[in-house]
Amino acid sequence: MSKHANKLNEIPFSVLDLSPITAGNTPADSFRNTLELAQLTEKLSYNRFWLAEHHNMPFIASSATSVVMSHVAAGTSKIRIGSGGIMLPNHAPLVIAEQFGTLESLYPGRIDLGLGRAPGTDQGTARALRRDLGSTGDDFPEQLAELRGYFDPSLAQGNPIKAIPGEGLNIPIWLLGSSGFSAHLAGELGLPFAFAAHFSPLNTLGALQIYRKAFKPSNVLDKPYAMVALNIIAAETDKEAKRLFTTIQQQFLNLISGNLTPLQPPVDDISEVASSYQLKALEQQLGSSIVGSQQTIKDKLHSFLEESKADEIMAIAQVFDHKARLRSYEILAEITKSES
């Protein structure tokens, strides 16, 4: 029997955080909360703590991702800190090499560089980021090759420019995806792959299959390594967890309608604020979410791991109340440790 079908304590659990901005609070509050969450999850022995790059989103404060990473790394001591991800088309590869070379120099052995190929925003904001709007992301492999060459001169393909700091540093590079493109590329290059099941559940198993089928051993990995990001919201009861989950549901409804606001407080019943059509859209977008009490979470995690054979789970909990968010990660840690 594979390790994936065994106990939950046999695979690593990690954290994805967007430094959520909640109604009535500021980004400064978000950054304080993010650091407190990182410190708690480090204490609870989570494996890594990643932050994501998004722009022009009133409910996400982690837009300057590498800066927030430095803030979190400075306030912790052992948990790995990473990007989930840096949207590479928004940046010159040299700039990212220098930023992450700086992070790795400041916090050696603790930095992950997760890369995505989407802009992480709308077209108007992409224009403001000076992104090439004619690009469909097809040049992502070339950008990635340039970036990797700054860290490892043997891959530099004659580029005489050096990333200082950056050159010679061993910073793990992950490819992130919500479809098959990055899954195939990660497999071809022998890199670890992280899938965004928290907002693209229907593509999860297909993308993981593409990654594993395309995988070629490299000097990074000798076999595939797949991490899956999931919405996981735990509470003392199923009813309370479902109530907390309505904040994420409202966030997606607001995104669909173009009504961008900070994260909203939970409601008792999502069907009171969503039409039947919207409820179907939510199920399609958030269908892999794992929400409930300890036993419910445990059962659903076992089923998901058996089906996906994921090597690592990255939990995201967009919960309005910060104390309830902290508690959700505590309960998840209790579940994984209870199987030791």
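In this text the structure is predicted, and so the values were computed from the model without any measurement.

Colleague: Provide a residue-level description of the packing of helix H8 (residues 238–257) against helix H9 (residues 276–286), including the pertinent values.
Modeller: Running from N to C, H8 and H9 point in directions that differ by 105°, and their axes come no closer than 10 Å. Here H8 is positioned roughly perpendicular relative to H9, judged by the angle of their axes. Facing H8, whose interface residues are Phe245, Ile248, Gln249, Phe252, Leu253 and Ile256, H9 presents Gln278, Ala281, Leu282, Gln285 and Leu286. Its residues assigned to classes, the contact of H8 with H9 shows eight nonpolar, three polar and no charged.

Colleague: Any chance you could break down the nonpolar core for me, citing the residues and the numbers?
Modeller: Residues Phe100, Leu113, Leu115 and Ile313 are the most contacted members of the largest nonpolar core, which totals 83 residues. Considering every element that reaches this core, the biggest residue donor is helix H11 (residues 322–337), with seven residues. In this structure phenylalanine 100 touches Ser66, Met69, Ser83, Ile86, Ile111, Asp112, Leu113, Phe151 and Ile171, once residues within four positions along its chain are discounted. Grouped together as the second largest cluster of nonpolar side chains are 15 residues, Trp50, Met57, Ile60 and Leu176 included.

Colleague: Break down the packing of helix H3 (residues 93–106) against helix H5 (residues 140–151) for me, with residues and values.
Modeller: When two helices pack together, you describe them by how their axes are tilted relative to each other and by the distance separating the axes. At a closest axis distance of 9 Å, the pairing of H3 and H5 adopts a crossing angle of 40°. Here H3 lies oblique to H5, going by the angle between them. The element H3 and its partner H5 pack so that their crossing is right-handed. Residues Pro93, Leu94, Ile96, Ala97, Phe100 and Gly101 of H3 touch H5, and the partners they reach there are Gln143, Glu146, Leu147, Tyr150 and Phe151. The residue makeup of the contact of H3 with H5, split by class, is eight nonpolar, two polar and one charged.

Colleague: Tell me about the environment of glycine 75, and please be specific about residues and values.
Modeller: By the secondary structure assignment, glycine 75 is in the loop between helix H2 (65–74) and strand S3 (80–87). Take glycine 75: its relative accessible area is 28%, and that puts it in the partly exposed class. In this structure the C-alpha to C-alpha distance between glycine 75 and isoleucine 290, which are 215 residues apart in sequence, comes to 29 Å. Here glycine 75 is in contact with Leu35 and Gln39, once residues within four sequence places are set aside.

Colleague: So what about helix H10 (residues 294–308)? Which residues, and what values?
Modeller: Along its 15 residues, H10 runs 21 Å from first to last C-alpha, staying within 8% of the 21 Å computed at 1.5 Å per residue. Within H10 the residues assigned to the buried category are Thr296, Ile297, Leu301, Phe304, Leu305 and Ser308. End-on, the buried residues of H10 take up no more than an arc of 150°, which puts them together on one face. One or two positions beyond H10, positive phi appears at lysine 309, with a value near 55°.

Colleague: Help me get a handle on unusual backbone geometry, residues and values and all.
Modeller: Between glycine 84 and the following residue, glycine 85, the backbone shows a cis peptide bond with an omega angle of 5°. Within the secondary structure layout, glycine 85 lies in strand S3. Of note, the amide linkage connecting isoleucine 164 to proline 165 takes the cis form, showing an omega dihedral of 0°. Tracing the sequence through the fold places proline 165 in the loop between H5 and strand S5 (173–177). Notably, serine 19 is not glycine yet its phi reads approximately 45°, a positive angle. Mapped onto the secondary structure, serine 19 falls in the loop between strand S1 (13–17) and helix H1 (27–43). Of note, asparagine 56 is a non-glycine position whose phi angle comes to about 60°, a positive value. Note on placement: asparagine 56 falls in the loop between strand S2 (48–51) and H2. Relative accessible area serves as the criterion here: at 49%, asparagine 56 is assigned to the partly exposed category.

What counts as what
Residues numbered from 1 in each chain as written. Predicted model: local features only at pLDDT ≥ 70, side-chain atom pairs only at ≥ 80, totals over all residues. Heavy atoms only, no water. Axes fitted to C-alpha atoms, helices over the stretch in contact; angles between N-to-C directions. Helix = DSSP H or I, 4+ residues; strand = E, 2+ residues; numbered from the N terminus. Parallel < 35°, antiparallel > 145°, perpendicular 65-115°, else oblique. Contact = heavy atoms within 4.5 Å. Nonpolar A, V, L, I, M, F, W, Y, C, P; charged D, E, K, R; others polar. Core = buried A, V, L, I, M, F, W, Y, C linked by side-chain atoms within 4.5 Å. Buried < 20%, exposed > 50% of the residue type's maximum accessible area, 1.4 Å probe, protein only. Left-handed = near helix turned anticlockwise from the far one by under 90°. Expected span 1.5 Å × (residues − 1). Arc of directions from axis to C-beta.

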